[in-house]
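Chains, contacts and geometry: an overview
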Amino acid sequence: MKLIMRSEFDNLRLNNKHSFEVDNNTDKQVVKIYCAEILIAKRITQKKSIRYFGIKGYKDYLTEE
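To start, this report covers the structure provided alongside it. (Residues numbered from 1 in each chain as written. Predicted model: local features only at pLDDT ≥ 70, side-chain atom pairs only at ≥ 80, totals over all residues. Heavy atoms only, no water.)

**Quick look at the environment of Glu8**
Mapping Glu8 onto the fold places it in helix α1 (residues 6-14). Its relative accessible area of 13% is what places Glu8 among the buried residues. Between the C-alpha atoms of Glu8 and Leu62, which are 54 residues apart in sequence, the distance is 7.3 Å. Ignoring anything within four residues of it in the chain, the contact list for Glu8 reads Tyr58, Lys59 and Leu62. Only 2.8 Å separates the side chain of Glu8 from the side chain of Tyr58, close enough to count as a polar contact. (Helix = DSSP H or I, 4+ residues; strand = E, 2+ residues; numbered from the N terminus. Buried < 20%, exposed > 50% of the residue type's maximum accessible area, 1.4 Å probe, protein only. Contact = heavy atoms within 4.5 Å. Polar contact = N/O pair within 3.5 Å; in protein donor to acceptor, adjacent residues only side chain to side chain.)

**A short note on the side chain of Arg43**
Structurally, Arg43 is set in strand β4 (residues 38-46). Here Arg43 occupies a buried position and makes no salt bridge, while the nearest side chain of opposite charge, Asp10, is found at 5.5 Å. The residues contacting Arg43, other than those within four sequence positions of it, are Phe9, Gln29, Val30, Val31, Ile50, Arg51 and Tyr52. (Lys, Arg positive; Asp, Glu negative; His and termini not counted. Salt bridge = Lys/Arg side-chain N within 4 Å of Asp/Glu carboxyl O.)

**Considerations on the sheet that holds strand β1 (residues 2-3)**
The sheet built from five strands is open, its strands ordered β1-β5-β4-β3-β2 with antiparallel pairing. On the outer flanks of this sheet lie β1 and β2 (19-24), each paired with one strand and no other. Direction of pairing for β1 relative to strand β5 (residues 49-54): antiparallel, over a ladder of two bridges. Note that in β5 the partner of Leu3 across the bridge is Phe53. Against the sheet, α1 makes contact with β2, β3 (28-35), β4 and β5, and its axis sits at roughly 125° relative to β4, the strand it touches most. (Pairing = 2+ DSSP bridges. Axes fitted to C-alpha atoms, helices over the stretch in contact; angles between N-to-C directions.)

**Considering the pairing of β5**
Of the pairings in the sheet, the one linking β4 to β5 comprises six bridges and is antiparallel in character. Bridge pairing in β5 places Arg43 opposite Tyr52. Between β4 and β5, which pair antiparallel in sequence order, lie two residues; one of them, Lys47, sits at a positive phi of approximately 55°.

**Quick notes on the pattern of salt bridges**
In the structure shown here, the tally under the stated rule is three salt bridges. Of the charged contacts, one joins Asp10 and Arg6 as a salt bridge, the two residues approaching to 3.6 Å between their closest N and O atoms. In this pair, Asp10 and Arg6 both sit in helix α1, four residues apart, roughly one turn of the helix. As a salt-bridge pair, Lys32 and Asp23 come within 3.9 Å of each other at their nearest N and O atoms.

Written out as structure tokens, the structure is:
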């Protein structure tokens, strides 16, 4: 996975064709986005750090705005 922009992550998350799940740990939160059971992106929040990751070819899953 590689780093992606927040706007791209939000585009994937707000698409009705994609599902997402949230995993909470003590100080870490992971949001994973799936398309047909395939992990396409994730957001990792730890303390004040937020990072967005996408799979290779994640742009194929983006919608036009």
